[in-house]
Amino acid sequence: MRRGRFGASDEDEAKPDLSPMIDCIFILLIFFIVTTVFVEETGVQVNRPEASQAVSLDKNSILIAVTADNKVFHGGRSIGVKGVQAVVKPLVAENEEITCIVQGDEAARHGVVTQVEDECLAAGIRKEKLTIATD
């Protein structure tokens, strides 16, 4: 088959190499997976009391909820007041700067919320890293 002066044959058609693009996609995917911050919710709905002022907190926090019937939850399961230290201690061992947020229902007994705060402090949470969530 003869080739014309300016024309190319069908066999010489240019095809882009897609392997570098696929490599870039995988690198971006790994980057986003590694840098994602996962927040573990308490798993129960809590009606928080109103606050006169609010402060923005870190996304990487320990969330503990006290329901209206004075049950303590973390990660969707009931842990009770005595289970707070067992949950918080390993997380504090990983990151000493972690914030602990106690979400107390407005109908919950204040004494139970205070007990949860005391258990968090006993587990190693620093006083300035312990907060009460409000609306």
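As a starting point, this report considers the structure included with it. (Residues numbered from 1 in each chain as written. Predicted model: local features only at pLDDT ≥ 70, side-chain atom pairs only at ≥ 80, totals over all residues. Heavy atoms only, no water.)

### Remarks on unusual backbone geometry
Trans is the common state for peptide bonds, and a negative phi is the common state for residues other than glycine.
Part 1 of the reasoning: Its identity as a non-glycine residue notwithstanding, N70 has a phi of 65 degrees, on the positive side.
Part 2 of the reasoning: Within the secondary structure, N70 is located in the loop between β1 (61–66) and β2 (72–74). (Helix = DSSP H or I, 4+ residues; strand = E, 2+ residues; numbered from the N terminus.)

### Here we look at helix α2 (residues 84–94)
Part 1 of the reasoning: Turning to α2, its buried residues number three or more, namely V84, V87, V88 and V92. End-on view of α2: buried residues confined to an arc of 120 degrees, all on one side of the axis. Of the exposed residues in α2, the ones pointing more than 90 degrees away from its buried face are A86, A93 and E94.
Part 2 of the reasoning: Where α2 is buried, its residues contact β1, β2, β3 (77–78) and α3 (110–122). (Buried < 20%, exposed > 50% of the residue type's maximum accessible area, 1.4 Å probe, protein only. Arc of directions from axis to C-beta. Contact = heavy atoms within 4.5 Å.)

### With respect to the sheet that holds β2
Part 1 of the reasoning: Strand order in the open sheet made by the five strands is β3-β2-β1-β4-β5, with mixed pairing throughout. Only two strands of the sheet have a single neighbouring strand rather than two, namely β3 and β5 (130–132).
Part 2 of the reasoning: Relative to β2, β1 runs antiparallel, the two sharing two bridges. Considered in β2, the bridge of V66 is made with V72.
Part 3 of the reasoning: Across the face of the sheet, α2 comes into contact with β1, β2 and β3 while running at roughly 170 degrees to β1. (Pairing = 2+ DSSP bridges. Axes fitted to C-alpha atoms, helices over the stretch in contact; angles between N-to-C directions.)

### Things to note about the pattern of salt bridges
Part 1 of the reasoning: Applying the stated criterion across every chain, the model contains three salt bridges.
Part 2 of the reasoning: Here R126 and E97 are joined by a salt bridge, their closest N and O atoms 2.5 Å apart. Of this pair, R126 sits in the loop between α3 and β5 while E97 is found in the loop between α2 and β4 (99–104), placing the two residues 29 residues apart along the sequence.
Part 3 of the reasoning: Residue E97 is classed as partly exposed on the basis of its relative accessible area of 41%. (Salt bridge = Lys/Arg side-chain N within 4 Å of Asp/Glu carboxyl O.)

### Let's talk about the pairing of β4
Part 1 of the reasoning: Counted residue by residue, β4 has six buried out of six residues, so it is predominantly covered.
Part 2 of the reasoning: Both faces of β4 are covered, namely the face carrying T99, I101 and Q103 and the face carrying C100, V102 and G104.
Part 3 of the reasoning: Bridge analysis of β1 against β4 gives six bridges, and the strand direction is parallel. Its bridge partner lying in β4, I62 is registered against C100.

### Let's talk about a nonpolar patch on the surface
Part 1 of the reasoning: Taken together, the side chains of L18, M21, I22, I25, F26, L29 and I33 make up a nonpolar region of the molecular surface, amounting to roughly 700 Å² of accessible area.
Part 2 of the reasoning: By the element assignment, M21 lies in helix α1 (residues 19–35). (Patch = residues over 30% accessible without salt bridge, like charges linked within 9 Å, V, L, I, M, F, W, Y side chains within 5 Å. Areas by Shrake-Rupley, 256 points an atom, 1.4 Å probe, with all protein chains shown as cover.)

### A short note on the environment of G111
Part 1 of the reasoning: Assignment of secondary structure puts G111 in helix α3.
Part 2 of the reasoning: G111 sits in the partly exposed class, given a relative accessible area of 33%.

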